[in-house]
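Chain by chain, the residues:
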Amino acid sequence: MNAFAVFIVVAVVLVFAIIGIYNSLVGKKNQMLNIEAGVDAQLKRRYDLLPNLVAAAKEYLSHERGLLEAITALRSNAQNARTSEEKFNLNNQLSQLLNGLKVTIENYPDLKANQNILHIQSTLSEIEEQISAARRAYNSSVEVYNNAIEMFPSNLIANSFGFKKAAFFDIPDDQSAAPDIGKMFKS
């Protein structure tokens, strides 16, 4: 083989390698976005349930109106978040408020026994578990994606085509676990 033929073969192999790496990055990004959509679906279920919880608790918790209003405001802000980081931050704040609501409700025996609250509590507990599972799946896909755009040689392709690191859906340091909504209504 002459030098020109070797150059052509190397160039073709290099082009196919670049295409393969690019397609792999796109696949990882799309997988991450798909899983993020699953997280969003679980968060929407939570958002849809919160007005029912607030309405059912309002008559009992007139003294804690600020807490209920804060939950409602955070729900609205989280639904309208523009970035993943903002959405995740607002949802972490919402989880903290739900923990505060748990403590508040424990002080109202009539509220703890209310059938509407018990049903909402059961549904919210299920949703919180699904959010936790979706968060784990999302963070796993973010790790794979971020590793791909930071490791050599795929980082060269990622930088060339503008791939950016994705944000993890982290749990704040002061929240070691998801809110245990199940305990909210137990005596």
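The protein chain carries the name LemA protein in an unreviewed UniProt entry, which gives Campylobacter curvus as its organism. Entered under Sequence similarities (unreviewed entry) in the UniProt record, the comment concerning the protein chain runs "Belongs to the LemA family." Here is the UniProt Subcellular location (unreviewed entry) comment for the protein chain, exactly as written: "Membrane".

A. Layout of the pattern of salt bridges. In this structure the tally under the stated criterion is six salt bridges. Close ionic contact of Glu36 with Lys87 constitutes a salt bridge, the shortest N to O distance being 3.0 Å. Of this pair, Glu36 sits in helix α1 (residues 3–58) while Lys87 is found in helix α3 (residues 84–106), placing the two residues 51 residues apart along the sequence. Lys87 carries the same exposure label as Glu36, and that label is buried. A salt bridge links Asp48 to Lys44; the nearest nitrogen and oxygen atoms lie 2.8 Å apart. Taken together, the positions of Asp48 and Lys44, both in helix α1 and four residues apart, correspond to about one turn of that helix. A relative accessible area of 37% means that Asp48 is categorised as partly exposed. Accessibility expressed as a relative area gives 44% for Lys44, which makes it partly exposed. Here the salt bridges share partners, and the residues they tie into one network are Glu36, Asp40 and Lys87.

B. Representation of the UniProt feature "transmembrane region" (unreviewed entry) in the protein chain. Feature annotation in UniProt assigns "transmembrane region" (unreviewed entry) to the following positions: residues 6–25. Within the segment residues 6–25, helix and strand shares are 100% and 0% respectively, and the terminal C-alpha atoms sit 29 Å apart.

C. Local environment of the environment of Leu101. Looking at the element boundaries, Leu101 is found in helix α3. When the C-alpha atoms of Leu101 and Leu61 are compared, they prove to be 9.7 Å apart, with 40 residues separating the residues in sequence.

D. Spotlight on the packing of α1 against α3. In the contact formed by α1 and α3, the axes pass within 12 Å of each other and the chain directions differ by 40°. Note on packing geometry: the crossing formed by α1 with α3 is left-handed. In this structure, α1 uses Glu36, Val39, Asp40, Leu43, Arg46, Tyr47, Leu50 and Leu53 to contact α3, whose residues at the interface are Ser84, Lys87, Phe88, Asn91, Leu94, Ser95, Leu98 and Leu101. Each residue belonging to the contact of α1 with α3 can be placed in one class, and the counts come to nine nonpolar, three polar and four charged.

E. Region of the structure containing the nonpolar core. Judged by nonpolar contacts, the single largest core of 40 residues is most densely connected at Leu53, Ile71, Leu101 and Tyr138. Sorting the residues of this core by element identifies α1, α2 (65–79), α3, α5 (115–150) and α6 (154–160) as the ones contributing at least two each. Ignoring anything within four residues of it in the chain, the contact list for Ile71 reads Leu50, Val54, Leu94, Leu97, Leu98 and Leu101.

What counts and what doesn't
Residues numbered from 1 in each chain as written. Predicted model: local features only at pLDDT ≥ 70, side-chain atom pairs only at ≥ 80, totals over all residues. Heavy atoms only, no water. UniProt positions renumbered as here; feature names shortened; annotations may be inferred. Salt bridge = Lys/Arg side-chain N within 4 Å of Asp/Glu carboxyl O. Helix = DSSP H or I, 4+ residues; strand = E, 2+ residues; numbered from the N terminus. Buried < 20%, exposed > 50% of the residue type's maximum accessible area, 1.4 Å probe, protein only. Axes fitted to C-alpha atoms, helices over the stretch in contact; angles between N-to-C directions. Left-handed = near helix turned anticlockwise from the far one by under 90°. Contact = heavy atoms within 4.5 Å. Nonpolar A, V, L, I, M, F, W, Y, C, P; charged D, E, K, R; others polar. Core = buried A, V, L, I, M, F, W, Y, C linked by side-chain atoms within 4.5 Å.

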